[in-house]
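# A closer look at the structure
The chain contents come next:
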Amino acid sequence: MKETWDALIQRAEHLAAKSEATKELLSFYAELLRAQKEIYESLRGRKNWLPTGVLEEDLTVVRTLVPGLLRVVEVHGPAALVEEARALLRIGDDKIDEMLLAQWREPIDAQFFAKAFLQPYARWLAESGWRPVDRVFERHESRCPFCGGRPQVSFLQAKEASAESGNRDLICATCLTTWPFRRVVCAYCCEERPAKLGYFHSPEFGHIRVEACDTCHRYVKGVDLTRLGLAVPLVDEVASAPLDLWAREHGYTKIELNLIGL
Ligand SMILES: [Zn+2]
Ligand SMILES: [Zn+2]
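A brief structural summary.

What counts, and where the lines are drawn
- Residues numbered from 1 in each chain as written.
- Chains lettered and ligands numbered in written order.
- Predicted model: local features only at pLDDT ≥ 70, side-chain atom pairs only at ≥ 80, totals over all residues.
- Heavy atoms only, no water.
- Helix = DSSP H or I, 4+ residues; strand = E, 2+ residues; numbered from the N terminus.
- Expected span 1.5 Å × (residues − 1).
- Bend = angle between axes of the 7 residues up to and from the residue.
- Buried < 20%, exposed > 50% of the residue type's maximum accessible area, 1.4 Å probe, protein only.
- Pairing = 2+ DSSP bridges.
- Contact = heavy atoms within 4.5 Å.
- Axes fitted to C-alpha atoms, helices over the stretch in contact; angles between N-to-C directions.
- Parallel < 35°, antiparallel > 145°, perpendicular 65-115°, else oblique.
- Left-handed = near helix turned anticlockwise from the far one by under 90°.
- Donors = N, O, S within 2.8 Å, 3.2 Å for Na, K, Ca; no water.
- Tetrahedral: all angles 85-135°; square planar, octahedral: opposite > 155°, others 65-115°.

## Structural notes on helix α7 (residues 112-127)
Its 16 residues give α7 an end-to-end C-alpha distance of 23 Å, which sits within 8% of 22 Å, the value for a rise of 1.5 Å per residue. Residue L118 marks the point of greatest curvature in α7, where the axis turns by about 30 degrees; the proline P120 follows within four residues. Judged by how many residues are buried, α7 sits mostly within the fold: 14 of 16 residues are covered. Of the residues flanking the end of α7, it is G129, one or two places downstream, whose phi is positive at about 90 degrees.

## Some details on the pairing of strand β4 (residues 197-202)
The pairing of β4 with strand β5 (residues 205-213) spans six bridges and is classified as antiparallel. By the bridge assignment, S202 is partnered in β5 with F205. Adjacent in sequence and paired antiparallel, β4 and β5 are bridged by two residues.

## Details of the environment of L156
On the secondary structure map, L156 appears in strand β1 (residues 151-156). We classify L156 as buried; its relative accessible area is 6%. Residues L156 and P180 lie 24 residues apart in sequence; the distance between their C-alpha atoms is 9.9 Å. Ignoring any residue separated from it by four or fewer positions in sequence, one finds L156 in contact with N167, R168, R183, R209, V223, D224, L225 and T226.

## Side note on the packing of helix α6 (residues 93-105) against α7
Following both chains from N to C, one finds α6 and α7 inclined at 65 degrees, their axes separated by 10 Å at the closest point. Between α6 and α7, the angle is such that the two are roughly perpendicular. The chirality of how α6 crosses α7 is right-handed. Contact residues: α6 offers M99, L100, Q103 and W104, while α7 offers F113, A114, K115, F117, L118, Y121, A122 and L125.

## So, the coordination of the zinc ion (ligand 1)
Looking at the zinc ion (ligand 1), one finds its protein donor set to be C144 (SG), C147 (SG), C172 (SG) and C175 (SG), positioned 2.3 to 2.4 Å from the metal centre. Note that the zinc ion (ligand 1) binds four donor atoms; their angles at the metal cover 99 to 116 degrees, and the shape is tetrahedral. Mapping the donors of the zinc ion (ligand 1) onto the primary sequence yields the spacing C-x2-C-x24-C-x2-C. Pair noted here: C147 is in the loop between α7 and β1 and C172 is in strand β2 (residues 168-172), with a separation of 25 residues, a long-range link.

## Structural notes on the coordination of the zinc ion (ligand 2)
For the zinc ion (ligand 2), the protein coordination sphere consists of C186 (SG), C189 (SG), C213 (SG) and C216 (SG), at 2.2 to 2.4 Å. Metal-centred angles of 105 to 114 degrees between the four donor atoms at the zinc ion (ligand 2) mark the site as tetrahedral. Taken in sequence order, the residues that donate to the zinc ion (ligand 2) follow the motif C-x2-C-x23-C-x2-C. Here the residue C186 occupies a position in the loop between β3 (178-180) and β4, and C216 occupies one in the loop between β5 and β6 (218-224), the gap between them amounting to 30 residues.

## Focus: the environment of P242
Note that P242 resides in helix α9 (residues 241-249). In this structure, the C-alpha to C-alpha distance between P242 and A21, residues 221 residues apart in sequence, is 9.4 Å. Excluding residues that lie within four positions of it along the chain, P242 makes contacts with E204 and F205.

Any functional reading would require information beyond the geometric quantities listed.
Right, dumping it as structure tokens:
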């Protein structure tokens, strides 16, 4: 991922100040990103330690950082998550380990805490050059080539004309790595017949569209950086929550829920 944690945090704060409708959502997201940055920096700054790619072995270090994120959610989160954070602060390390390992091995996008926690771990794993070892996944062009995660968001950017992939990339929901993807293809089932693919805009979000597929009935949101270069795909994806409601009302299921659960 090219964006630093600070770039994500600043974009979330900027958008929070701009819109009353999504202010609460984005303020919480900014706090969450700060907690994730702290986890990432603790892992990265740890002396004589690198992740092994086997989460079970890395847990002795990784699990010590869980309470920090839980406390942030306890203070800033919505009511339902606050309850859950409190419950998790009370359970033993073995239960926390179980939760993280289950999510690592078979990710479920509605598993808020485990997903929020594993993103900075997986990002550091990707950046430090190790590969996940204890995570079995199918190799498929619609899956992250590093960790097998599903795409959280798609984005368009101008690249040199010779680039084979065109100019569409996907961002992994698990490790936040970016990979190039064909432009007019479903990011879930790889449907490529144009008649089966729909792109929906709303005037409110000129640089974002819902990219929907009528074969698998899944969708992902696409952020067009050629229209708004200041956009940060991961954050603008969260900020455009009304598009998720629209997509759901029209019978589409998101490929991967974002960290805010939309
Ligand atoms: Zn990944
Ligand atoms: Zn599809």
